Protein chains: 2
Amino acid sequence: MIKVVVLGSGNVAQHLISVYKAASGIELVQAFARNTSALEHLLPEDNITSTYTGLAEADVYIIAVTDNAVAGVSGALPFRDRLVVHTSGSMPMGVLCGTNRRGVFYPLQTFSKTKQVDFTTVPFCIESENDEDYKLLYRLASAVSGSVYRIDSLQRRALHVAAVFVSNFTNHLYKIGMDICLENNIPFDILKPLILETADKIKLLAPGEAQTGPALRNDTLTLEKHMDFLKEENLKKIYTLLTQSIQLYGGKL
Amino acid sequence: MIKVVVLGSGNVAQHLISVYKAASGIELVQAFARNTSALEHLLPEDNITSTYTGLAEADVYIIAVTDNAVAGVSGALPFRDRLVVHTSGSMPMGVLCGTNRRGVFYPLQTFSKTKQVDFTTVPFCIESENDEDYKLLYRLASAVSGSVYRIDSLQRRALHVAAVFVSNFTNHLYKIGMDICLENNIPFDILKPLILETADKIKLLAPGEAQTGPALRNDTLTLEKHMDFLKEENLKKIYTLLTQSIQLYGGKL
């Protein structure tokens, strides 16, 4: 049985609490939050603490707080010899200052409070200072996911940048598509199958192989019509830049 | 029984031939291609013609050729009184010059030769000059899809631009993500669940609600780290522009 404490009350913390309180081989002994009421829908009151001195004994302490708070929380822990990990994609392992046993436990997924996530497919990127702790984190991740990777801090930074492109920026392109629909009295539903199929394609085809559209086939007439249609400067700039990028790099493997 | 002829041998034509030769209530009487061998894996030789004079009688002629060839193919048809439609997202209905009964039959999906498409969820955007022909096209689309919309030429142009943003541009962001992974010895597989979940979210959440990431929360430290990581001018520009766009418009509904 691996005993776990989760520190934090945001999206990632709440998803980890939900999945670990039901995972076999894992005992979620406690959660820590400055405001305990944020977690009361997930855990009994007795299992939540708001003070560092009230922290229970555990094998792993998972700090799932906002990036800028990771160092502060780790420095406030009242022990030095237990395994402490953070869940951030963009912070190096070394930011953990309150412990001699550091690690990273980064679930590479986008979490929203209102949407369930299937953890069995969430890739966990783990890192630690020694092999014993790596094995412990590997078991912890494997208890809920079939996809566990050893990723060092430099690779994790690259992954985090890549994740911004394929998730945050992609979602913003969906937003632009929705705005264009609404301005033209078209239901956004009409674009959803296209969005889902575009994502689904990457299971079978590399994005370089899957690329289609007027930019790649250098269909100047359509590109001009589209630029003419777009009135807003911001959208014109995005259209131009991504079209150029596809023409330079889009179809290459 | 609606009799159909498909003209063309590209991705869209081949997918339409595949789905209509198996659809109930529809008789795919013939396909037309300059190079008949491109369709021989789909239809018996007798059902393929390469000459306009060899065209069979049908209720609807679907011109599924590259945008710039639509006008030429329609002008070459040896009749004026039959319903002729094109499948293009970006061409107006009026581009069809060889007929007195025009229509548009635009399946809003991304088609690749090597990937099967589930037509039951493909939105068909249809337009016609008269109500009788609209009803015919509606029956034709409904024979394979549960999602049929009446969309005029102006709306279709807006939709086509929106589709470029949510599909072509999105796929290019996947390509950038893959390139970053490969340069850092990270398997691209690790990003796939994130890509799929980001798309899946739009079923439940509007993109404005689903937006996450350092741009939206104005996490300056992470944004600087990412800009520092990106060495290529093209990627720096895309990162900067999409970050600004999210900060200006991203979280709004």
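Rules used throughout
- Residues numbered from 1 in each chain as written.
- Chains lettered and ligands numbered in written order.
- Predicted model: local features only at pLDDT ≥ 70, side-chain atom pairs only at ≥ 80, totals over all residues.
- Heavy atoms only, no water.
- Helix = DSSP H or I, 4+ residues; strand = E, 2+ residues; numbered from the N terminus.
- Buried < 20%, exposed > 50% of the residue type's maximum accessible area, 1.4 Å probe, protein only.
- Contact = heavy atoms within 4.5 Å.
- Areas by Shrake-Rupley, 256 points an atom, 1.4 Å probe, with all protein chains shown as cover.
- Lys, Arg positive; Asp, Glu negative; His and termini not counted.
- Charge placed at Lys NZ, Arg CZ, Asp CG, Glu CD.
- Salt bridge = Lys/Arg side-chain N within 4 Å of Asp/Glu carboxyl O.
- Buried area = accessible area lost by both parts, 1.4 Å probe.
- Polar contact = N/O pair within 3.5 Å; in protein donor to acceptor, adjacent residues only side chain to side chain.
- Core = buried A, V, L, I, M, F, W, Y, C linked by side-chain atoms within 4.5 Å.
- Expected span 1.5 Å × (residues − 1).
- Least-squares fit on C-alpha atoms with pLDDT ≥ 70 in both.
- Pairing = 2+ DSSP bridges.
- Axes fitted to C-alpha atoms, helices over the stretch in contact; angles between N-to-C directions.
- Domains from an automatic or database assignment.
- Phe/Tyr/Trp six-rings, centres within 6.5 Å; stacked < 30°, edge-to-face > 60°.

### Here we look at the overall build of chain A
And step 1. When helices and strands are tallied, chain A shows eight helices and eight strands.
And step 2. Expressed along its principal axes, the backbone C-alpha trace of chain A runs to roughly 65 × 35 × 30 Å.
And step 3. Across the 253 residues that make up chain A, the buried fraction comes to 58%.
And step 4. Long-range pairs, those at least 24 residues apart, make up 55% of the contacts in chain A with a sequence separation of at least 6.
And step 5. Working note: accessible area of chain A is about 10300 Å², and carbon and sulfur atoms make up 50% of it.
And step 6. For chain A, the distance from the average position of its 24 positive side-chain charges to the average position of its 26 negative side-chain charges is 2 Å.

### Section: the pattern of salt bridges
And step 1. Tallied over the full model, the rule gives 24 salt bridges over all chains.
And step 2. For Lys 135 of chain A, the salt bridge is made with Glu 132 of chain A, and the minimal N-O distance between the two is 3.7 Å. Remark: Glu 132 of chain A and Lys 135 of chain A occur in helix 3 (residues 131-142); sequence separation between them is three residues, near one turn of the helix. No difference in accessibility class separates Lys 135 of chain A from Glu 132 of chain A, as the two residues are exposed.
And step 3. When salt bridges that share partners are traced, they join Lys 115 of chain A together with Glu 197, Asp 200 and Lys 203 of chain B into one network.

### Points about the interface of chain A and chain B
Buried accessible area, meaning the area lost when the parts come together, often serves as the stated size of an interface.
And step 1. Counting residues at the interface gives 97 residues for chain A and 97 residues for chain B.
And step 2. When the area that chain A buries against chain B is broken down by residue, the three leading residues are Lys 115, Phe 165 and Ile 190 of chain A, summing to 8%.
And step 3. Across the chain A-chain B interface, the total number found is four salt bridges.
And step 4. Residue Glu 197 of chain A pairs with Lys 115 of chain B through a salt bridge whose shortest N-O separation is 3.1 Å.
And step 5. Inspection of the region where chain A meets chain B yields 38 residue pairs in polar contact (both at pLDDT 80 or more).
And step 6. Those elements that provide at least two residues to the side of chain A that touches chain B are helix 4 (153-183), helix 5 (192-201), helix 6 (207-210), helix 7 (220-229) and helix 8 (233-250) of chain A.

### Focus: the nonpolar core
And step 1. Counting residues in each nonpolar core, the largest one holds 78 residues, and the members touching the most others are Phe 165 and Leu 191 of chain A together with Phe 165 and Leu 191 of chain B.
And step 2. With sequence-adjacent residues up to four places away left out, Phe 165 of chain B is seen in contact with Leu 173, Ile 176, Ile 180, Leu 230, Leu 235, Ile 238 and Tyr 239 of chain A together with Thr 170 of chain B.

### Regarding helix 3 (residues 131-142) of chain B
And step 1. The end-to-end C-alpha separation of helix 3 of chain B is 16 Å, in line with the 16 Å expected for twelve residues at 1.5 Å each.
And step 2. Here helix 3 of chain B starts with a cap whose side-chain oxygen sits 3.1 Å from the backbone nitrogen of Glu 132 of chain B, and that cap is Asn 130 of chain B.

### Considering the environment of Gly 98 of chain B
Residues and elements named next belong to chain B.
And step 1. For Gly 98, the position within the fold is in the loop between strand 5 (83-86) and strand 6 (101-107).
And step 2. Along the chain, Gly 98 and Arg 80 lie 18 residues apart, while their C-alpha atoms are 6.2 Å from each other.
And step 3. Setting aside anything within four residues of it in sequence, one finds Gly 98 in contact with Ser 74, Gly 75, Phe 79 and Arg 80.

### Some thoughts on helix 8 of chain A
And step 1. End to end, helix 8 of chain A covers 24 Å across 18 residues, agreeing with the expected 26 Å (1.5 Å per residue, within 8%).
And step 2. Looking at helix 8 of chain A, one finds that the buried residues are Asn 234, Leu 235, Ile 238, Tyr 239, Leu 241, Leu 242, Thr 243, Ser 245, Ile 246 and Gly 250 of chain A.
And step 3. Looking at the packing, one finds that the buried side of helix 8 of chain A touches helix 4, helix 6 and helix 7 of chain A together with helix 4 (153-183) and helix 8 (233-250) of chain B.

### A short note on the relation of the copies chain A and chain B
And step 1. Superposing chain A onto chain B takes a rotation of 180° combined with a translation of 0.0 Å along the rotation axis, leaving an RMSD of 0.0 Å. Both chain copies can therefore be described as sitting about a two-fold axis. Residues of chain A ranked by C-alpha distance from the rotation axis are headed by Thr 170 of chain A, positioned 2.7 Å from it.
And step 2. Residue by residue, 100% of the interface of chain A is reproduced at the interface of chain B, so both copies engage with the same surface.

### Observations concerning the sheet that holds strand 2 (residues 26-32) of chain A
In sheet architecture, strand pairing relies on hydrogen bonds along the backbone and comes in two forms, parallel and antiparallel.
All names here are of chain A.
And step 1. One open sheet accounts for eight strands, arranged 3-2-1-4-5-6-7-8; its pairing is mixed. With one partner strand each, in any of the chains shown, strand 3 (48-49) and strand 8 (148-150) form the two edges of the open sheet.
And step 2. In the packing of helix 1 (residues 11-20) onto the sheet, the strands contacted are strand 1 (2-7), strand 2, strand 4 (60-63), strand 6 (101-107) and strand 7 (124-128), and the crossing angle to strand 2 comes to about 150°.
And step 3. Along the sheet face, helix 3 touches strand 1, strand 2, strand 4, strand 5 (83-86), strand 6, strand 7 and strand 8 and points at about 160° away from the line of strand 7.

### A closer look at the domain arrangement of chain A
Residues and elements named next belong to chain A.
And step 1. The domain architecture assigned to chain A consists of domain 1 (2-151) and domain 2 (156-251).
And step 2. Taken together, the contact between domain 1 and domain 2 spans 14 residues of the former and six residues of the latter.
And step 3. Roughly 680 Å² of surface becomes buried between domain 1 and domain 2 when both sides are summed, with 60% attributable to carbon and sulfur atoms.
And step 4. Sorting the residues of domain 1 by area buried against domain 2 places Gly 89, Tyr 106 and Ile 151 first, and these three jointly supply 49% of that buried surface.
And step 5. Taken together, the links from domain 1 to domain 2 amount to one salt bridge.
And step 6. Measuring nitrogen to oxygen at the nearest pair gives 2.7 Å for the salt bridge that ties Arg 156 to Glu 127.

### Quick look at the packing of aromatic side chains
And step 1. Evaluation of the coordinates by the stated rule reveals 18 aromatic pairs over all chains.
And step 2. Aromatic side chains Phe 165 of chain A and Phe 169 of chain A sit 5.2 Å apart centroid to centroid with 80° between the ring planes, which places their arrangement in the edge-to-face category. With Phe 165 of chain A and Phe 169 of chain A both in helix 4, this residue pair falls four residues apart, about one helical turn. Each member of the pair, Phe 165 of chain A as well as Phe 169 of chain A, carries the same accessibility label: buried.
And step 3. Ring geometry for Tyr 61 of chain B and Phe 79 of chain B: centres 4.6 Å apart, planes at 40°, overall tilted.

### Side note on the side chain of Thr 243 of chain A
And step 1. With respect to the helices and strands, the residue Thr 243 of chain A is situated in helix 8.
And step 2. Discounting chain neighbours no more than four positions away, the residues touching Thr 243 of chain A are Ala 215 and Leu 223 of chain A together with Phe 169 of chain B.

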